[in-house]
Amino acid sequence: MKKILSPSILAADFTRLGQEAADVDEAGAEYLHIDVMDGMFVPSISFGMPVIKSLRPVTGRVFDVHLMIEDPQRYIDDFAACGADLITVHAEACRHLDRVLNMIREKGLRCGVALNPATPLCMLDHVLTKTDMILLMTVNPGFGGQKYIPEMTEKIRSLRTMLNERGLDMDIEVDGGVSASNVAAVLEAGANVIVAGSAVFAPGKTKENARHLMEVMNAYE
Ligand code: DX5
Ligand code: ZN
């Protein structure tokens, strides 16, 4: 499967966000991971529509919008309007997950379902055919720079097995605590879309870090 790096701008220098986004684009990262937090579903608050809209002209890369917000169906139209290409919602945050996924696809966008570390894979059973990507959280969502939860490697493997058994060739994105030192294990388990925040964004080193991480990813067969 195609391996894709999705740098999380949560770890970027917000005083120069446009340049940071341009740098990871230039380094070759195909997605830009955009973490939206509401202070309810997760403890922290990050940013919302105006920031995404202002970044849209900077890069043509896929805007991979990860909504860590309660009841995201309230905002699907807004995130579509500000330039999202792929919208991922948390199964735990949707009272009507099936409906939300339909709403995203009706906007002509791709949709993803995210699961927190403690949420079982069976939550996905009845929505897999209408989902483009599964995001497995490998930290508890809410903050960048946390440590990868080792138990998640087996969860990734189980999900890939489950998808294979159903004949579904679907992207698995992993998010949280991934760096050049553990990305091979994550790929080996069956993930193919890699989110990385603190492992990519660093003053003066963003481009170099993104390139290095992609080299490590591409070296893994
Ligand atoms: C965590 C966010 C992540 C985070 C990843 O709630 O969803 O996308 O920015 O950051 P790192 O790679 O630093 O763990
Ligand atoms: Zn994220």
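Everything that follows concerns the structure shown earlier in this document.
Given the structure is predicted, the values throughout are model-derived calculations rather than measurements.

Trainee: Tell me about the environment of Leu213, residues and numbers included.
Mentor: Inspection of the secondary structure assignment puts Leu213 in helix α7 (residues 206-219). In this structure Leu213 comes out as buried when scored by relative accessible area, which is 2%. Sequence separation of Leu213 and Ile194 is 19 residues, and the distance between their C-alpha atoms is 9.7 Å. Ignoring anything within four residues of it in the chain, the contact list for Leu213 reads Leu5, Ser179, Ala180, Val183, Ala196 and Val200.

Trainee: With reference to specific residues and values, describe the nonpolar core.
Mentor: Leu5 and Val89 are the most contacted members of the largest nonpolar core, which totals 64 residues. A total of 5 residues in this core trace back to one element, the largest contributor, which is helix α5 (residues 152-165). Excluding residues that lie within four positions of it along the chain, Leu5 makes contacts with Ala29, Glu30, Tyr31, Ile194, Ala196, Val200, Ala210, Leu213, Met214 and Met217. Counting 6 residues, the second-largest nonpolar core is a separate cluster that includes Ile4, Leu86, Met133 and Val193.

Trainee: An account of the coordination of the zinc ion (ligand 2) is requested, with residue identities and associated values reported.
Mentor: For the zinc ion (ligand 2), the full set of protein donor atoms is His33 (NE2), Asp35 (OD), His66 (ND1) and Asp175 (OD), at a range of 2.0 to 2.3 Å. Around the zinc ion (ligand 2) sit 6 donor atoms, and with donor-metal-donor angles ranging over 68 to 170° the site reads as octahedral. The sequence pattern describing where the donors of the zinc ion (ligand 2) fall on their chain is H-x1-D-x30-H-x108-D. With Asp35 in strand β2 (residues 31-37) and Asp175 in strand β7 (residues 171-175), the pair connects residues that are 140 residues apart, well separated along the chain.

Trainee: Explain unusual backbone geometry residue by residue, including any values.
Mentor: Non-glycine residue Asp71 carries a positive phi angle of around 50°. In this fold, Asp71 is placed in the loop between β3 (62-68) and α3 (76-81). Judged by relative accessible area, which is 33%, Asp71 ranks as partly exposed.

Trainee: Please provide a residue-by-residue account of the sheet that holds strand β1 (residues 4-7), values included.
Mentor: In spatial order, the strands read β1-β8-β7-β6-β5-β4-β3-β2; together these 8 strands make up an open sheet with parallel pairing. Two strands close off the open sheet at either side, each with one partner strand: β1 and β2. When the angles between neighbouring strand axes are averaged without regard to direction, this sheet yields 25°. Bridge count between strand β4 (residues 86-90) and strand β5 (residues 110-115): 5 bridges; the pairing is parallel. Bridge pairing in β5 places Ile87 opposite Cys111.

Conventions we followed
- Residues numbered from 1 in each chain as written.
- Chains lettered and ligands numbered in written order.
- Predicted model: local features only at pLDDT ≥ 70, side-chain atom pairs only at ≥ 80, totals over all residues.
- Heavy atoms only, no water.
- Helix = DSSP H or I, 4+ residues; strand = E, 2+ residues; numbered from the N terminus.
- Buried < 20%, exposed > 50% of the residue type's maximum accessible area, 1.4 Å probe, protein only.
- Contact = heavy atoms within 4.5 Å.
- Core = buried A, V, L, I, M, F, W, Y, C linked by side-chain atoms within 4.5 Å.
- Donors = N, O, S within 2.8 Å, 3.2 Å for Na, K, Ca; no water.
- Tetrahedral: all angles 85-135°; square planar, octahedral: opposite > 155°, others 65-115°.
- Pairing = 2+ DSSP bridges.
- Axes fitted to C-alpha atoms, helices over the stretch in contact; angles between N-to-C directions.

Interpretation in functional terms is not warranted from these geometric data alone.
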